[in-house]
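# Report on the structure
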Amino acid sequence: MRRLYQFRLSHALLCFLSCFIGIATVSPATEKEILLQFKGNITSDPKSSLNSWVLSADPCQDYSGVFCNSAGFVERILLWNTSLGGVLSPALSGLKYLRILTLFGNRFSGNIPQDYANIKTLWKINVSSNALSGSIPEFIGDLPSIRFLDLSKNGFSGEIPSALFKYCYKTKYVALSSNKLSGSIPVSILNCRNLAGFDFSFNNLSGGIPSGVCGIPMLEYLILRSNVLSGSVQEEISACQSLKVLDLASNLFTGLAPFGVLGSKNISLFNVSYNGFHGEIPEIACSQSMEFFDASGNNLDGEIPLSITNCTSLQVLDLGFNRLNGSIPVGIGNMENLHVVRLGNNSIGGTIPKELGSIELLLILDLHNLHLVGHIPDDISNCRFLRELDVSGNALEGEIPDTLYNITSLEHFGPYAFFNNPLLCGAPLDTPCSANGNGTSSTRRKTKELSNSVIVAIVAAAVIFAGVCVVYIMNIRASRRKKVDETMVVESTPLGSTESNVIIGKLVLFSKSLPSKYEDWEAGTKALLDKECLIGGGSIGSVYRTNFEGGISIAVKKLETLGRIRSQDEFEQEIGRLGNLQHPNLVAFQGYYWSSTMQLVLSEFVTNGNLYDNLHKCDVYSFGVILLELVTGRKPVESPRANEVVVLCEYVRELLESGSASDCFDRSLRGFAENELIQVMKLGLICTSEVPSRRPSMAEVVQVLESIRNGLG
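As the structure is a prediction and not an experimental result, all values here were calculated from the model. (Residues numbered from 1 in each chain as written. Predicted model: local features only at pLDDT ≥ 70, side-chain atom pairs only at ≥ 80, totals over all residues. Heavy atoms only, no water.)

Our next topic: the packing of aromatic side chains. All told, the structure shown has twelve aromatic pairs when counted by the stated rule. Plain terms: the ring middles of Trp53 and Tyr63 are 5.3 Å apart, the flat faces sit at 15° to each other, and that makes the pair stacked. Within this pair, whereas Trp53 is found in the loop between β1 (42-44) and α3 (59-62), its partner Tyr63 is found in the loop between α3 and β2 (66-68), the two being separated by ten residues in sequence. Per residue, the accessibility class of Trp53 equals that of Tyr63, and both read buried. Between Phe253 and Phe277, the ring centres sit 6.4 Å apart and the planes meet at 15°, which makes this aromatic pair stacked. Here Phe253, found in strand β17 (residues 252-256), pairs with Phe277, found in strand β19 (residues 276-280); they are 24 residues apart in sequence, far enough to count as distant. Judged by its relative accessible area of 0%, Phe253 falls in the buried class. Among the aromatic side chains, those forming a connected cluster through ring pairs are Phe38, Trp53, Tyr63 and Phe108. Above the plane of the ring of Tyr651 lies Arg634, whose end atom (NZ or CZ) is 4.3 Å from the centre. (Phe/Tyr/Trp six-rings, centres within 6.5 Å; stacked < 30°, edge-to-face > 60°. Helix = DSSP H or I, 4+ residues; strand = E, 2+ residues; numbered from the N terminus. Buried < 20%, exposed > 50% of the residue type's maximum accessible area, 1.4 Å probe, protein only. Lys NZ or Arg CZ within 6 Å of the ring centre and 35° of its normal.)

Covalent bonding between the sulfur atoms of two cysteines is what defines a disulfide. According to the stated counting rule, one finds five disulfides in the structure shown. What pairs with Cys214 in a disulfide is Cys240, and their sulfur atoms sit 1.5 Å apart. Taking the torsion about the S-S bond as the criterion, the Cys214 to Cys240 disulfide, at about -75°, is left-handed. Taken as a pair, Cys214 in the loop between β13 (197-199) and β14 (221-223) and Cys240 in the loop between α4 (234-238) and β16 (245-247) lie far apart in primary sequence, 26 residues in all. Pair check on accessibility: Cys214 and Cys240 agree, each one buried. Paired by a disulfide, Cys425 and Cys433 hold their sulfur atoms 1.8 Å apart. (Disulfide = S-S within 2.5 Å.)

Taken together, the side chains of Glu650, Glu654, Glu657 and Glu690 define an acidic patch exposed on the protein surface. Topologically, Glu690 is positioned in the loop between α10 (674-687) and α11 (698-709). The class for Glu690 is partly exposed, based on a relative accessible area of 38%. (Patch = residues over 30% accessible without salt bridge, like charges linked within 9 Å, V, L, I, M, F, W, Y side chains within 5 Å. Areas by Shrake-Rupley, 256 points an atom, 1.4 Å probe, with all protein chains shown as cover. Salt bridge = Lys/Arg side-chain N within 4 Å of Asp/Glu carboxyl O. Lys, Arg positive; Asp, Glu negative; His and termini not counted. Charge placed at Lys NZ, Arg CZ, Asp CG, Glu CD.)

Before going further, it helps to spend a moment on the nonpolar core. Core analysis: the largest hydrophobic core is formed by 118 residues, its most contacted members being Ile77, Phe198, Phe200, Leu222, Phe293, Leu367 and Phe418. When contributions to this core are tallied by element, the ones reaching two or more residues are α2 (31-40) and β3 (74-78). Beyond its immediate stretch of four places on either side in the chain, Phe198 contacts Tyr173, Val174, Ile189, Val213, Leu219, Tyr221, Leu222, Ile223 and Leu224. Counting 24 residues, the second-largest nonpolar core is a separate cluster that includes Leu627, Leu648, Val680 and Leu685. (Core = buried A, V, L, I, M, F, W, Y, C linked by side-chain atoms within 4.5 Å. Contact = heavy atoms within 4.5 Å.)

For strand β36 (residues 589-594), the buried fraction is high: six of the six residues fall into the buried class. Pairing analysis gives five bridges linking β36 to strand β37 (residues 599-604), with the strands arranged antiparallel. What sits directly across from Phe589, in β37, is Ser603. (Pairing = 2+ DSSP bridges.)

With that out of the way, let us pick up the pattern of salt bridges. Tallied over the full model, the rule gives six salt bridges. Of the charged contacts, one joins Lys244 and Glu220 as a salt bridge, the two residues approaching to 3.8 Å between their closest N and O atoms. Separated by 24 residues along the polypeptide, Lys244 in the loop between α4 and β16 and Glu220 in the loop between β13 and β14 bring together distant segments of the chain. What makes Lys244 buried here is its relative accessible area of 17%. For Glu220, a relative accessible area of 11% corresponds to the buried category. Arg342 is the partner of Glu388 in a salt bridge, and the nearest nitrogen-oxygen pair spans 3.5 Å. With a gap of 46 residues between them, Glu388 in strand β28 (residues 388-390) and Arg342 in strand β24 (residues 340-342) connect regions that are remote in the sequence.

Structure (structure tokens):
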């Protein structure tokens, strides 16, 4: 009996201890502890973004990027463009009320932990622009509340798992672009009946587009650019009458192009460029939403349909590199919102319509390698914002209009814009024109060229000097500045959308004085589309004044990023730098908006104009002049004798071509490697190329200089 009593007592004590130990083991960590575990997995925090994440602080009140619901539980984690490095902590699976996880623009590696399958409340995952890799986790398809999934700009590989779209009946948007994905587009995507858009661009996907994709009733964004997709899409895609954006560019599609989708009243961007489409462009029923039309790089034939001139909202028209014939429609002059016209490399004939001069906001006019005849109309000079002109490779004749020099954005477009027109003469070509039968105008032309060169060089030097001073001051102020106001991040619908639950665009505000409700922005941006609110324009976009209730006015620059900004990541990196700058002579930067079809920069509205009204520039050109000055020790423009002007870039170019480059080196540079000096000299000449499109970007200039310094030039 005694032994039995001792046994039962020992057993009870053992059970008690086991229960006690068990309770201690499974006791859930507090949300503060979970967040600190997440911080513990961070190996790099260059911007000190998590400095406020300390044990003594309140996560809901003090932790940067952490937002709680009314009950005090973590609901959102927003840590964007903070360059955090490390791996994603599995501990976040303990946040049972987490709805939004936004970590784009960091350096997280590894993959998304399997433990996140337990966060059933997850409504949005945005880990774009990181260094994540491996296969796309299938468990995401089991999350019942996912509306927005953005895994773009990472290193995910393999096929898109079919299970990713297992329970996607609430999903609105999926972005898997700019990864290393292969295989086909899963048919299971048809399960996503409420899908508003998907972006699978810049991968290595093959096969065709799933049959029935246009059966998704609310599909507005279909972006498959830069893959190896193939097959015919004309019937399939033409049925997508709710589309706003269709981008099939740079694939292997064949057959007839899906021009039928242009009948949609909502379509704003249509891009089928660089595929194998053939046939004619039919008459187009253009909606007032249509802004971007690109069918370049195909095998299209026939004439440009006259009905295209009814697309009065069109900003970009690119039909280059096809087999089109006929003539340029005269009615193109009615398309007053056009910024870009590219028709080069076709069989189009006739004359250059003088009506093109009515398009005041035109930035790019590319008519090279056509069969155009007649004169270059003087009216083109009315396009005062024109920054790129190419009419080379035609049969144009007569004198190049002097009035083109009134276009300040071109400065010195050079002869390449007019080459291969045997009967064309005048500046900047070397072919002189007769001047009223009294000889040639070569002397007048040369004087004008020298005058322009002198002006460019002097302005360039002054601007560079002023720019260096301003940048120096800005860097000092930026390094001392601490952020006081909390940045507001609103990620919501595209501008102008009436579907409030469609998550596509990204609105980021750096000022608390601006309206934070998206409804306010939708109302305010109606004025943005009104031409009467246009207050200026330049080489990168148009500027509008937008007014909100309460007397708030801001300047909104609607960017023309075609061929300039290659990705959302690049855009946000540049914008992030702007947000950290403050200077008395700089307009306050207040935020930005990004979507696949529209990019906006928001800033303080001032009434005194801008720098462009007084200085018209040339950053890369000016830097090239500085390089040549450093190597030669000479001034940009010199007058050694009366009636003689020596322009530095022309002088160096002649010596380099004659093999006498070393004759112009600055004597104080003796001892430096001659090969390096010649490479720097060549870089300076490339930067001062007469054709702006042939100049490198400043990023490329830096790469070349680093290569020269490291002996790799």
